[in-house]
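The primary structure of each chain is shown beneath.
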Amino acid sequence: MLGALGLNPDHEAVYCVLAGRTQASLAELAETLHVPTFAIEVALTHLTACGLVKSTLDGAYAAAPPAVALGAMISERQAELRSAELALVTLAEEHRKAMADRTISELIEVITGVEAIRHRFAQIQHAARTQVRSFVTAPFVAVPPGANPVESQMVAQGVRYRVAIDRSALAEPGVAAETMESLRQGVEVRVAASLPIKLMLADSELALVPLTVTPGEDPGAVLLHRSGLLTAMDALFETVWRHAHPLDASVLGDLTTADAGRTEADTPTALDRKILALLLAGLTDQAVATQLDLSLRTLQRRLRHLMDLAGVQSRMQLGWYAARHDWA
């Protein structure tokens, strides 16, 4: 609780005991906390130096009023943080000026090997302060589906994630499941007809671009710092994002057995909505059937039922009707 003020658990334990009493002797503290006397002495020395504890006339110890003692320490830490923020602004400006004079070799870092790429992949996400953007395409060499725990950590910290997925990649094993989990966690996902490259952007400061894998050679990637090339990657992502198809977490939610078993309902079931969402994202019938663990015949029968329900004669009309009536 008080670790942010520089107190370790032993210091905090002693102070908390004293704060609940008018005073206590060394022996009483050792007995209450079940620790050796010398450990209490070390803690008291530190607390006294911090102004949190004072000795009494009869040789006991008493806690200084928390509102005064801890309040002073908090104010001091806040002042230190403000100084650090000012230093950050100064250093960031110096870094920006230094970057402007860097050579091409300094602006572009080549990374080789699976482990090195994975390390940079995680590092770039941790460096983001506002948002992470990425293109997801197959094949998956360094970071396979389900192998990016940093995403959920950063989303929980308030970093915005926007992910564009190549339509064909959704048919790869594990990709649809990972996409649904990302949607549940708050990641924004859109599906693009095709993506030219893999890409990850941290704010507008860093970009990781995997290179084409040559059979028999270690995979490679390029790490871009702020430069004209990074600006181009930024613009490419935003252009693709504007034209990609959004996926909705509410449509791609878990199915219940009852939903999966209904076939003649008057309204689309959760399974129907999931089918429509994946088809509108551009997956083929076979890819949708595989992702939803259905037979191709069952999938097509569900589509025929939806067309009858909508009163349309073609898949195109069904897609239009679904969008208009909020079916997907």
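Within an unreviewed UniProt entry, the label attached to the chain reads DNA-binding CsgD family transcriptional regulator, and the organism entered is Actinoplanes lobatus.

Draft legend 1. Structural context of the side chain of D285. Mapped onto the elements of the fold, D285 is located in helix α12 (residues 285-291). At 2.7 Å, the side chain of D285 forms a polar contact with the side chain of R315. Non-local contacts of D285, meaning those with residues more than four positions away in its chain, are made with L279, L296, L299, Q300, L303 and R315.

Draft legend 2. Summary view of helix α6 (residues 114-127). Its 14 residues give α6 an end-to-end C-alpha distance of 20 Å, which sits within 8% of 20 Å, the value for a rise of 1.5 Å per residue. Buried residues of α6: I117, F121, I124 and Q125, and no others. Angularly, the buried residues of α6 cover 100° about the axis, an arc narrow enough to put them on a single face. When the buried face of α6 is taken as reference, the exposed residues oriented beyond 90 degrees from it are E115 and H119.

Draft legend 3. Representation of the packing of helix α11 (residues 270-280) against helix α13 (residues 296-310) within the structure. Here α11 crosses α13 at 95°, and the two axes come no closer than 11 Å. It follows from the interaxial angle that α11 and α13 lie roughly perpendicular. Between α11, through D272, I275, L276 and L279, and α13, the contact on the second element is made entirely by L299, R302, L303 and L306. Here the contact of α11 with α13 is built from residues that sort into six nonpolar, no polar and two charged.

Draft legend 4. Region of the structure containing the nonpolar core. Formed by 50 residues in total, the largest nonpolar core has its most connected members in I124, Y161, L208, I275, V288, L318 and W327. Residues lining this core come from more than one domain, with at least three contributed by each of domain 3 (113-247) and domain 4 (264-325). Filtering out sequence-adjacent residues up to four positions away, W327 remains in contact with P268, R273, L276, L306, L309, A310, L318, Y321 and A322. With 21 residues, the next largest nonpolar core counts A43, L44, L52 and A64 among its residues.

Draft legend 5. Region of interest: the pairing of strand β9 (residues 220-224). Burial runs high along β9: five of the five residues are buried. Neither face of β9 is exposed, since G220, V222 and L224 on one face and A221 and L223 on the opposite face are all buried. Alignment of strand β3 (residues 108-112) against β9, held across five bridges, turns out to be antiparallel. Bridge pairing in β9 links I111 to A221. As paired strands, strand β8 (residues 206-210) and β9 are joined by four bridges and run antiparallel to one another. The residue bridging A207 from the neighbouring strand is L224, located in β9.

Draft legend 6. Spotlight on the environment of V150. Relative to the elements of secondary structure, V150 occurs in helix α7 (residues 150-156). Each C-alpha atom of the pair V150 and F121 lies 9.3 Å from the other, and the pair is 29 residues apart in sequence. Residues in contact with V150, not counting those within four places in the same chain, are A122, Q125, H126 and Y161.

Draft legend 7. Looking closely at the environment of T137. Secondary-structure assignment places T137 in the loop between β4 (131-136) and α7. Taking the relative accessible area as the measure of exposure, T137 reaches 9% and is therefore buried. Residues T137 and S168, spaced 31 residues apart in sequence, show a C-alpha to C-alpha distance of 7.8 Å. Not counting residues within four places of it along the chain, the set of residues in contact with T137 comprises D166, A169, L195, I197 and K198.

Rules of the game
Residues take numbers from 1 onward in each chain, read along the sequence in its written order. Per-residue local features of the predicted model are confined to residues with pLDDT of at least 70, and side-chain atom pairs are confined, for both listing and counting, to 80 or more; whole-chain, interface and lining totals are unaffected and use all residues. Working from all heavy atoms in the structure, the side-chain values ignore hydrogens and water. Comment: elements are numbered from the N terminus, with helices defined as DSSP H or I runs of at least four residues and strands as E runs of at least two. Polar contacts, as used here, are pairs of N or O atoms within 3.5 Å; protein pairs need one atom able to donate a hydrogen and one able to accept it. Residues neighboring in sequence count only if both atoms are side-chain atoms. Any pair of residues with heavy atoms lying within 4.5 Å of one another is described as a contacting pair. What a helix is expected to span follows from its residue count: subtract one and scale by 1.5 Å. Buried residues are those whose accessible area, probed at 1.4 Å on protein chains only, stays under 20% of the maximum for their type, while exposed residues exceed 50% and partly exposed ones sit between those limits. By construction, the arc corresponds to the directions joining the helix axis to the C-beta atoms. With axes taken as lines fitted to C-alpha atoms, and helix axes fitted only over the stretch in contact, angles between N-to-C directions fall between 0 and 180 degrees. Here is the rule for angles: anything less than 35 degrees is roughly parallel, anything more than 145 is roughly antiparallel, 65 through 115 is roughly perpendicular, and the remaining ranges are oblique. In this count, Pro and Cys sit with the nonpolar residues alongside Ala, Val, Leu, Ile, Met, Phe, Trp and Tyr, while Asp, Glu, Lys and Arg are called charged and the others, Gly among them, polar. Definition used in this section: a nonpolar core is a set of buried Ala, Val, Leu, Ile, Met, Phe, Trp, Tyr and Cys residues joined via side-chain atoms within 4.5 Å. Per the annotation, domain bounds derive from an automatic or database assignment of domains. Only strands that DSSP links by at least two bridges are regarded as paired with each other.

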